[in-house]
Amino acid sequence: NAGVTQTPKFQVLKTGQSMTLQCAQDMNHNSMYWYRQDPGMGLRLIYYSASEGTTDKGEVPNGYNVSRLNKREFSLRLESAAPSQTSVYFCASSEAWGAGQPQHFGDGTRLSIL
Amino acid sequence: AQSVTQLDSHVSVSEGTPVLLRCNYSSSYSPSLFWYVQHPNKGLQLLLKYTSAATLVKGINGFEAEFKKSETSFHLTKPSAHMSDAAEYFCVVSVRRNYGGSQGNLIFGKGTKLSVKP
């Protein structure tokens, strides 16, 4: 019962470094999402992939890129990390893309940028 | 545009007493609404969802929510709080087609932290 798996769970970076956050789901879901969570802000959508082969910007895409590697995997890349990107990042998936589809979340990656 | 407002940032109850977490939404279309729970250092878990079937929705762990169109509310309740209910709760609306934003994407409230005193 893995569901949505995110790696790493914790990471500390220096300003200007790059890294990729990995996400994989084993539920055969078509749609995947990346969010960031900041105190008092709820979750904000960074990018999403409605289906394999497509990606689209969400509410806060600046400074990030994504790759839908295959149906199972959706990665998030920070090319040049900035302190403002210190956050908790969540990956989620849903069976399909559309109103009313519940999303299933991973346990998050806690990222600190110094 | 669609939005969701959680009226309390923090709610504190005693174990065994009722829980009420308040949520108002804004939408010209019949919305899809969800409640999620987040325990410390964990991801979000779906508690329940409303998708225009019954207005009273039952979820996991004894929680339920009532959709009230006239009040644009979707409050979460539980008759008797347990210590394990201490967590943060998010009210969420799903974007509908042709109503701004991307269909299917979720808009989150800012969360309500529930504390349960022994």
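All values derive from a computational prediction rather than experimental measurement. (Residues numbered from 1 in each chain as written. Chains lettered and ligands numbered in written order. Predicted model: local features only at pLDDT ≥ 70, side-chain atom pairs only at ≥ 80, totals over all residues. Heavy atoms only, no water.)

Attention now goes to the overall build of chain B. Within chain B one finds zero helices and 12 strands. Shown N-terminal to C-terminal, the secondary structure of chain B runs as helices and strands in the order β-β-β-β-β-β-β-β-β-β-β-β. What you see for chain B is a C-alpha radius of gyration of 14 Å, in line with the 13 Å of a compact globule of 118 residues. By principal-axis analysis of the C-alpha atoms, chain B measures approximately 45 × 30 × 20 Å. Scored against the burial criterion, the 118 residues of chain B give a buried share of 45%. When contacts within chain B are restricted to residue pairs at least 6 apart in sequence, those whose partners lie at least 24 apart make up 57%. In the form shown here, chain B has an accessible surface area of approximately 5700 Å², with 49% of it arising from carbon and sulfur atoms. Charge-centre separation for chain B: the mean point of 12 positive side chains lies 8 Å from the mean point of 7 negative side chains. (Helix = DSSP H or I, 4+ residues; strand = E, 2+ residues; numbered from the N terminus. Rg over C-alpha atoms; globule rule 2.2 N^0.38 Å. Buried < 20%, exposed > 50% of the residue type's maximum accessible area, 1.4 Å probe, protein only. Contact = heavy atoms within 4.5 Å. Areas by Shrake-Rupley, 256 points an atom, 1.4 Å probe, with all protein chains shown as cover. Lys, Arg positive; Asp, Glu negative; His and termini not counted. Charge placed at Lys NZ, Arg CZ, Asp CG, Glu CD.)

This part takes up the nonpolar core. Trp35, Phe74, Leu76 and Tyr89 of chain B are the most contacted members of the largest nonpolar core, which totals 26 residues. With four residues, the single largest contributor to this core is strand S10 (residues 87-94) of chain B. Not counting residues up to four positions away in its chain, the partners in contact with Tyr89 of chain B are Gln6, Leu21, Trp35, Tyr36, Val37, Leu47, Phe63, Leu76, Gly111, Thr112 and Leu114 of chain B. Val4, Val66, Ala81 and Cys91 of chain A belong to the second largest nonpolar core, which has 20 residues in total. (Core = buried A, V, L, I, M, F, W, Y, C linked by side-chain atoms within 4.5 Å.)

This brings us to the state of the cysteines. For the structure on display, the rule yields two disulfides over all chains. Here Cys23 of chain A is linked by a disulfide to Cys91 of chain A, with a sulfur-sulfur distance of 1.9 Å. The S-S bond linking Cys23 of chain A to Cys91 of chain A shows a torsion near -75°; that makes this disulfide left-handed. Of the two residues, Cys23 of chain A is situated in strand S3 (residues 19-25) and Cys91 of chain A in strand S9 (residues 87-94); the sequence distance between them amounts to 68 residues. Residue Cys23 of chain A is classed as buried on the basis of its relative accessible area, which comes to 2%. Take Cys91 of chain A: its relative accessible area is 0%, and that puts it in the buried class. Between the sulfur of Cys23 of chain B and that of Cys91 of chain B lies a disulfide, 2.0 Å long from S to S. Residues Cys23 of chain B and Cys91 of chain B share a disulfide whose torsion about the S-S bond is about -70°; that sign makes it left-handed. Residue Cys23 of chain B is found in strand S4 (residues 23-26), and its partner Cys91 of chain B is found in strand S10; the two are separated by 68 residues along the sequence. (Disulfide = S-S within 2.5 Å.)

Contact with chain A, which involves 21 residues of that partner, is made by 23 residues of chain B. Counting the surface lost from both chain A and chain B, the interface buries some 1700 Å², and carbon and sulfur atoms represent 54% of this. If you sort the residues of chain A by the area they bury against chain B, Ala99, Gly100 and Phe105 of chain A come out on top, with a joint share of 24%. Taken together, chain A and chain B are joined by one salt bridge. Notably, a salt bridge pairs Asp107 of chain A with Lys42 of chain B, separated by 3.9 Å at the nearest N-O pair. Where chain A meets chain B, there are three residue pairs in polar contact (both at pLDDT 80 or more). When contributions to the side of chain A that touches chain B are tallied by element, the ones reaching two or more residues are strand S4 (31-37) and strand S5 (43-49) of chain A. (Buried area = accessible area lost by both parts, 1.4 Å probe. Salt bridge = Lys/Arg side-chain N within 4 Å of Asp/Glu carboxyl O. Polar contact = N/O pair within 3.5 Å; in protein donor to acceptor, adjacent residues only side chain to side chain.)

The next thing to look at is the side chain of Gln37 of chain A. Topologically, Gln37 of chain A is positioned in strand S4. Separated by 2.9 Å, the side chains of Gln37 of chain A and Gln38 of chain B make a polar contact. Discounting residues that sit within four places of it in the chain, Gln37 of chain A has contacts with Gly42, Leu43, Ser87, Val88 and Phe90 of chain A together with Gln38 and Phe90 of chain B.

Shape descriptors only; they carry no functional weight alone.
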